Amino acid sequence: MPATLDEESMTTQFATRQRGVYDIVVALFCALLLISNVSAVKLIQFGPEVELFGFPILPIITDGGAFLFPLTYVLGDVLAEVYGMRGAKRAIFIGFAVSILASLTFLLVGAAPPAADWGDQAAFEAVLGFVPRIVAASVLGYLAGQLLNAWVLVKLKKRTREGGLWARLLGSTVVGEAADTVIFCIVAFAGIITGGTLLNYILVGYVYKVLVEVIFLPVTYQVIKLVKRHEPTYGA
């Protein structure tokens, strides 16, 4: 005899999911972080060699992570602005855990014996074998930068309430990106690039990331507005 509707409802149960887009924002946040970590393995150089008083002005030196990593701060701003420090910290620590998992996976795969007819072990190690150091640098800079970014934004919001969004978006980015960039560049590439070249790399990276935040301000505004439309709010 086929089961009745009441019997099915008693034996088949599913967890209810609250409406909202927090999980989507966190998923995008973690995806951008992971892609940036792998892309940052490659250093990129633009322009000829130009020095001013012995300091290298050109070439501009950056890494592959520069294409997407600044967008993690855009989403970090969205998380802190909409969900507060608690929601932002949860996303930041999820990203931390996923980055560590990726690093350990690359180490394990690299250490595993390659198949006899697979000749790309050296290439795999040359690219992804360097990822653990990049991830260590990224995680340290990321934790310091993102937590500072969220903390500054939330503190400013408590003072300005719903007004002055542009000021807290830029203010939090200026502080967070400074910590992130300095820590990442030194941990990832100290000893590989040195002196004025390393300073050039830090300054270019910092200015570039802040400029991306400025350029994306209109987009950040619209994303925050869209997310708030789908989320309940509370007073604090």
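In this text the structure is predicted, and so the values were computed from the model without any measurement.

Participant: Describe the overall build of the protein, and please don't skip the residues or the numbers.
Facilitator: For the protein, the count of helices and strands is eight helices and two strands. Going from N to C terminus, the protein has its helices and strands arranged as α-α-β-β-α-α-α-α-α-α. Within the protein, buried positions represent 41% of all 236 residues. Of the roughly 13,600 Å² of accessible surface on the protein, a fraction of 70% belongs to carbon and sulfur atoms.

Participant: Just give me the short version of the pattern of salt bridges, but keep the residues and values in it.
Facilitator: Tallied over the full model, the rule gives three salt bridges. In this structure, the salt-bridge partner of Arg-168 is Glu-81, at a minimum N-O distance of 2.7 Å. Residue Arg-168 is found in helix H6 (residues 165-189), and its partner Glu-81 is found in helix H3 (residues 69-111); the two are separated by 87 residues along the sequence. Each member of the pair, Arg-168 as well as Glu-81, carries the same accessibility label: buried. Note that Glu-81 is salt-bridged to Lys-228, the shortest N-O span being 3.3 Å. Placement of the pair is Glu-81 in helix H3 and Lys-228 in helix H8 (residues 217-229), with a sequence separation of 147 residues. Judged by its relative accessible area of 2%, Glu-81 is buried. Residue classification places Lys-228 among the partly exposed residues on the basis of a relative accessible area of 25%. Within this structure, Glu-81, Lys-157, Arg-168 and Lys-228 form a network of salt bridges that share partners.

Participant: Tell me about the packing of aromatic side chains, and name the residues and values.
Facilitator: Geometry of an aromatic ring pair is reported as the spacing of the ring centres plus the angle between the planes. The full count for this structure, using the stated rule, is six aromatic pairs. Between Phe-184 and Phe-189 the ring centres are 6.3 Å apart and the planes differ by 75 degrees, which places this aromatic pair in the edge-to-face class. An aromatic cluster is built from Phe-184, Phe-189 and Tyr-201, whose rings are joined through pairwise contacts.

Participant: Could you give me a rundown of the packing of H6 against helix H7 (residues 195-215), with the residues and numbers involved?
Facilitator: Running from amino to carboxyl end, H6 crosses H7 at an angle of 150 degrees, the nearest separation of the two axes being 9 Å. One way to sum up the angle between H6 and H7 is to call them roughly antiparallel. Taken as a pair, H6 and H7 cross one another with a handedness that is right-handed. Listed contacts from H7 to Leu-169, Leu-170, Thr-173, Val-174, Glu-177, Ala-178, Thr-181, Val-182, Phe-184, Cys-185, Ile-186 and Phe-189 of H6 are Leu-198, Tyr-201, Ile-202, Gly-205, Tyr-206, Lys-209, Val-210, Glu-213 and Val-214. Grouping the constituent residues of the contact of H6 with H7 by class yields 15 nonpolar, three polar and three charged.

Participant: Break down a nonpolar patch on the surface for me, citing the residues and quoting the values.
Facilitator: A contiguous nonpolar patch, built from Leu-148, Trp-151, Val-174 and Val-175 and spanning about 320 Å² of accessible area, is present on the exposed surface. Within the residue set of the nonpolar patch, elements represented by two or more residues are helix H5 (131-160) and H6. The residue Val-174 is located in helix H6 in this model.

Participant: Go over H6, please, and point to the residues and values.
Facilitator: Along an α-helix, residues three or four positions apart point the same way, because every turn accommodates 3.6 residues. The terminal C-alpha atoms of H6, which comprises 25 residues, lie 35 Å apart, in line with the 36 Å expected from a rise of 1.5 Å per residue. Residue Gly-191 follows H6 closely and has a positive phi angle near 95 degrees.

What counts as what
Residues numbered from 1 in each chain as written. Predicted model: local features only at pLDDT ≥ 70, side-chain atom pairs only at ≥ 80, totals over all residues. Heavy atoms only, no water. Helix = DSSP H or I, 4+ residues; strand = E, 2+ residues; numbered from the N terminus. Buried < 20%, exposed > 50% of the residue type's maximum accessible area, 1.4 Å probe, protein only. Areas by Shrake-Rupley, 256 points an atom, 1.4 Å probe, with all protein chains shown as cover. Salt bridge = Lys/Arg side-chain N within 4 Å of Asp/Glu carboxyl O. Phe/Tyr/Trp six-rings, centres within 6.5 Å; stacked < 30°, edge-to-face > 60°. Axes fitted to C-alpha atoms, helices over the stretch in contact; angles between N-to-C directions. Parallel < 35°, antiparallel > 145°, perpendicular 65-115°, else oblique. Left-handed = near helix turned anticlockwise from the far one by under 90°. Contact = heavy atoms within 4.5 Å. Nonpolar A, V, L, I, M, F, W, Y, C, P; charged D, E, K, R; others polar. Patch = residues over 30% accessible without salt bridge, like charges linked within 9 Å, V, L, I, M, F, W, Y side chains within 5 Å. Expected span 1.5 Å × (residues − 1).

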